[in-house]
Amino acid sequence: MHGPHPLDIESIAVRAGQHRTTEGEHCEPIFTTSSFVFNSAAEAASRFVDDAPGNVYSRFTNPTVATFERRLAALESGEYGLATASGMAAIQLLCQSVLKAGDHVVVSASVFGSTITLFDKILSRFAIGVSFVDLNDLTGWRQAIRDNTKMLFVETPSNPLGRVANITELSALAKHSRCILVVDNAVATPILQRPLELGADVVVHSATKFLDGQGRCVGGAIITNSNQIYSDCFAGLRACGPSMSPFNAWVFLKGLETLPLRMKQHCINALELAVWLETQPAVRKVFYPGLHSHPDHQLASSQQTGFGAIVSFEVHGERADAWLVIDSTEMLSITGNLGDTKTTITHPATTTHGRLTEQQRHHAGIQNNLIRLAVGLESVNDIKTDLLLGLSKLSKDSGC
Ligand SMILES: *Cc1c(COP(=O)(O)O)cnc(C)c1O
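This section reports on the structure supplied with the text. Keep in mind that this is a model prediction, so the values were computed, not measured. (Residues numbered from 1 in each chain as written. Predicted model: local features only at pLDDT ≥ 70, side-chain atom pairs only at ≥ 80, totals over all residues. Heavy atoms only, no water.)

1. Observations regarding the sheet that holds strand β10 (residues 333-334)
Pairing is mixed in the open sheet, where 5 strands are placed in the order β8-β9-β12-β11-β10. Each having just a single partner strand, β8 (283-287) and β10 make up the two edges of the open sheet. Pairing between strand β9 (residues 310-315) and strand β12 (residues 370-374): 5 bridges, direction antiparallel. Among the inter-strand pairings, Ser 312 is bridged to a residue of β12, identified as Arg 372. In this fold helix α11 (residues 259-277) packs onto β8, β9 and β12, with an angle of close to 15° to the strand it touches most, β9. Contacts from helix α13 (residues 319-328) reach β9, β10, β11 (344-346) and β12 within the one sheet, and its direction differs from that of β12 by about 30°. (Pairing = 2+ DSSP bridges. Helix = DSSP H or I, 4+ residues; strand = E, 2+ residues; numbered from the N terminus. Contact = heavy atoms within 4.5 Å. Axes fitted to C-alpha atoms, helices over the stretch in contact; angles between N-to-C directions.)

This is the structure:
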């Protein structure tokens, strides 16, 4: 534990949440144990039945996982953190804990593909209604809210187009409408944006992305200042078990320590690439909130402390032209993952958003000539060289 003075975010990332054992270990230990022993039958009874503090079983109490929960909660300026097996497990656990049959949710149409499937295909089978809206159309949000609306769900900035929702305005709308605002902060991370400080009730994370930062483990988290929401989610975790493994929690803890440093460099690299892409003849349009040409540049500048790592661009042409650029790369990784030191390149229309209907894709603004980069920490010059392998072929074909 740190001393009495409040810490800056870089120090929180390195220090927060650690409770050293009597062994005096410097690095956080991994508690690979499924269960814990008690000093007496009475102690066991008090922990099992009366919820006395202390470890019971790693489905819902594990010291390594708890250290990760405390550190991530501190980074998000939240009081309570709950780690889950994946980002989707976090969203699913939150929904099953705070919603019931007959409720209604309003969801941004530009959320993660599996999040759309969860709301549209799975929760609907449990009689939870959903309306999808444009994330930056406040009137649309307001008009979608009904008497039984319990939750507004948004991901900002959106992936892959970097559209930005005004969290402060949405939180005011949620409070006025007696529902909760949930923000998926996986793309921005607490380094670039802290939704709870802007009025959100819950933050959900895919730890798989930047929190790990090196593409090793799958995990997620729920962060909130509400004791009620935390308790309900904890009860759901205990009963249903979408838990994070201690090993994964340890990897994420180590990831958090370098998160401020990494995010700073991700942003620098992404901006340099976005500016460069705008000058390329084979590129039709670049989507990056750090660009003055981006429709949400102003809002992103005031709401975030950086513009993130996701840069998307449309090439002149069709799907085949986008695929040519992707297939011509030699260094970049062709994968749908993001938030890695390794730059990834993907074709959203046929991968991350491939399971959506044509109409849902159109609603989300995902065209067939769109390419998404999740810019990593290699040299930007090498990334440009790799992209030029395909872009130069397109410019020739189109006579540019
Ligand atoms: C990846 C991702 C998820 C899902 O997380 P998993 O860890 O893959 O389950 C949710 N939201 C966003 C914004 C993501 O990028």
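Read on for the rest.
2. Structural notes on the sheet that holds strand β2 (residues 104-108)
Across the sheet, which stays open at both edges, the 7 strands sit in the order β1-β7-β6-β5-β4-β2-β3 with mixed pairing between neighbours. Every interior strand has two partners, whereas the edge strands, β1 (80-84) and β3 (129-133), have only one. Along the sheet, successive strands turn relative to each other by an average axial angle of 20°, direction set aside. Relative to strand β7 (residues 220-224), β1 runs antiparallel, the two sharing 5 bridges. Across the sheet, residue Thr 84 finds its bridge partner in β7, namely Gly 220. With respect to the sheet, helix α3 (residues 63-75) is in contact with β1, β6 (202-206) and β7, its orientation differing from that of β1 by roughly 130°. Strand contacts of helix α5 (residues 113-122): β2, β3 and β4 (149-155), with the helix running at about 140° to β3, the strand carrying the most contacts.

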